[in-house]
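Residues per chain, in single letters:
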Amino acid sequence: SYSYKVVVLRCLREVCADGQLLVDLFVNYDCDLGSSNLFERLVSGLVKMAQAALPASSEAAQLQQEQWLRQEALQCLASASQALLAWYRASTGQGLAALEGTDEDTPLPHLSSQPSMGGTHNTSNSGSNNAAAAAGGDGEPGSASTSKPSTPLAGAPSAAVGGDASWAGAGAAGSAAAGDALNKKRAYKEKWQEGITLFNSKPKKGIALLQKEDMLGRSPEAVAEFLAKTEGLNKTLIGDYLGEREDFALKVMHAYVDGLNFSGLEFDTAIRTFLQGFRLPGEAQKIDRLMEKFAERFVLCNPGSFKSADVAYVLAYSVIMLNTDAHNPQVKKKMSAEDFLKNNRGINDGQDLPADFMRSLYERIVSNEIQVRCE
């Protein structure tokens, strides 16, 4: 709604007036592999709002509101530019006279008033207030000169990150070294994200790209850890890759499953844990390879749970079938508990599994679906 957008833009105006905060966002999020690109998303969102086309047919009041939103987004972008410039000058010890004669500090004028939301909000002084905030102070001229960047830069030369004094004292040389370190971190993350994007369309090519760039090890264990711990990977494609029969992919799958600990877990809980990191592929042979390895690992983690891994394998397959039957709306006649017991007679090396165990397993699956496909 309009009211919500107004509140968000007011908050963003404060964020964009703080050069140190913007730099911290970029360094700690946009340059960090495990974090979202907050600075990029902030700027992109404001640009998108500022450039959005006005509604073709709108009432005068609504049109005024839309115009104000675009003006405010543009003001946020201008404030961010001014704040970053002030931060740069302070961090390099550069005086305001260095850019004397330019008009870069001229704030973008606000509309004299915000369109009504049931009341009026006077913003006639917001332009001057934002200019002062963008300079890094509380409205007093020259207050930006007391601001020093405090963001630590992992991997950057110590002269560039040794503390506040090193930033200001090193001058242009220290700033260049820190900037070079940031550029390398950012470039690394962009290449990493390129590999993630490629994986989500062609898994093998994505892995190959990251290995070519020395961002990913070439051992099955390294690739398995990548699949298990990397955020942003398509879970369906992870399952497809793990189910491949090629020698390397098979070793990766074994390393992946061997990294899971099923000790002390109920059988269905172990299956849920197993499927948290990926979704079962559609091909029966791939599912077979995955469930066979799961059964082997479960029995190894829980000695005495079943007479052999083959029993766990058959039961795991039966649980997946029950899960599909119970939670697929296209299946009209649902499997009963008696049907489930009947289907699994004699699977324990010619003997039946305990009826209480099987009924309890049936009830948990029917009442709580195992996610085997992407939501």
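Residues numbered from 1 in each chain as written. Predicted model: local features only at pLDDT ≥ 70, side-chain atom pairs only at ≥ 80, totals over all residues. Heavy atoms only, no water.

*Asks:* Outline the overall build of the protein chain, supporting the account with residue identities and numerical values.
*Replies:* In terms of helices and strands, the protein chain carries 16 helices and two strands. Looking at the protein chain as a whole, 40% of its 375 residues are labelled buried. The contacts of the protein chain with a sequence gap of at least 6 include a subset with a gap of at least 24, amounting to 64%. When the accessible surface of the protein chain is split by element, carbon and sulfur atoms take 52% of a total near 19900 Å². (Helix = DSSP H or I, 4+ residues; strand = E, 2+ residues; numbered from the N terminus. Buried < 20%, exposed > 50% of the residue type's maximum accessible area, 1.4 Å probe, protein only. Contact = heavy atoms within 4.5 Å. Areas by Shrake-Rupley, 256 points an atom, 1.4 Å probe, with all protein chains shown as cover.)

*Asks:* I'd like to hear about the side chain of N302, residue by residue, with values.
*Replies:* One can find N302 in the loop between α13 (284-301) and α14 (309-327). Using a relative accessible area of 12% as the deciding quantity, one classes N302 as buried.

*Asks:* Residues and numbers for the layout of surface pockets, please.
*Replies:* What the second largest pocket holds in volume is close to 320 Å³. L33, W192, Q193, E231 and G232 are the residues nearest the centre of the second largest pocket, which is lined by 13 residues in total. Considering each element in turn, the lining of the second largest pocket owes the most residues, five residues, to helix α7 (residues 164-199). Classifying every residue of the lining of the second largest pocket by side-chain character gives three nonpolar, seven polar and three charged. (1 Å grid on protein atoms, 1.4 Å probe; cavity = no way out; pocket = protein on both sides within 12 Å on 5 of 7 lines; lining within 4 Å. Points joined across faces, edges and corners; volume = space filled by probe spheres on them. Nonpolar A, V, L, I, M, F, W, Y, C, P; charged D, E, K, R; others polar.)

*Asks:* Describe in detail the confidence of the model for the protein chain, supporting the description with residues and values.
*Replies:* Residue-level pLDDT values for the protein chain average 80, and 76% of them are 70 or greater. Taken together, the stretch residues 95-170 has pLDDT below 50 and engages in 120 contacts with residues farther than four places along the chain or on a different chain. (pLDDT = per-residue confidence, 0-100.)

*Asks:* Give me the packing of α13 against α14: which residues, what numbers.
*Replies:* At a minimum axis distance of 8 Å, the contact between α13 and α14 shows a crossing angle of 130 degrees. As summarised for this structure, α13 and α14 are arranged oblique, according to the angle between their axes. Here α13 and α14 pass one another in a crossing that is right-handed. Along its contact with α13, which presents A284, I287, D288, M291, E292, F294, A295, E296 and V299, the element α14 presents A309, A312, Y313, A316, Y317 and I320. When grouped by side-chain class, the residues that make up the contact of α13 with α14 number twelve nonpolar, no polar and three charged. (Axes fitted to C-alpha atoms, helices over the stretch in contact; angles between N-to-C directions. Parallel < 35°, antiparallel > 145°, perpendicular 65-115°, else oblique. Left-handed = near helix turned anticlockwise from the far one by under 90°.)

*Asks:* Help me get a handle on the nonpolar core, residues and values and all.
*Replies:* F226, L227, F267, F274, F294 and L315 are the most contacted members of the largest nonpolar core, which totals 59 residues. Examining the composition of this core, we find that eight residues originate from one element, α13, more than from any other. Those residues within four positions of F274 in sequence are excluded, and the remaining contacts are V257, L260, F262, L290, M291 and F294. (Core = buried A, V, L, I, M, F, W, Y, C linked by side-chain atoms within 4.5 Å.)

*Asks:* Break down unusual backbone geometry for me, citing the residues and quoting the values.
*Replies:* Its identity is not glycine, yet D214 carries a phi of approximately 60 degrees, on the positive side. For D214, the position within the fold is in the loop between α8 (203-212) and α9 (220-229). Given the relative accessible area of 66%, D214 is considered exposed. Even without being glycine, D349 reaches a positive phi, approximately 55 degrees. The residue D349 is located in the loop between α15 (337-343) and α16 (355-367) in this model.

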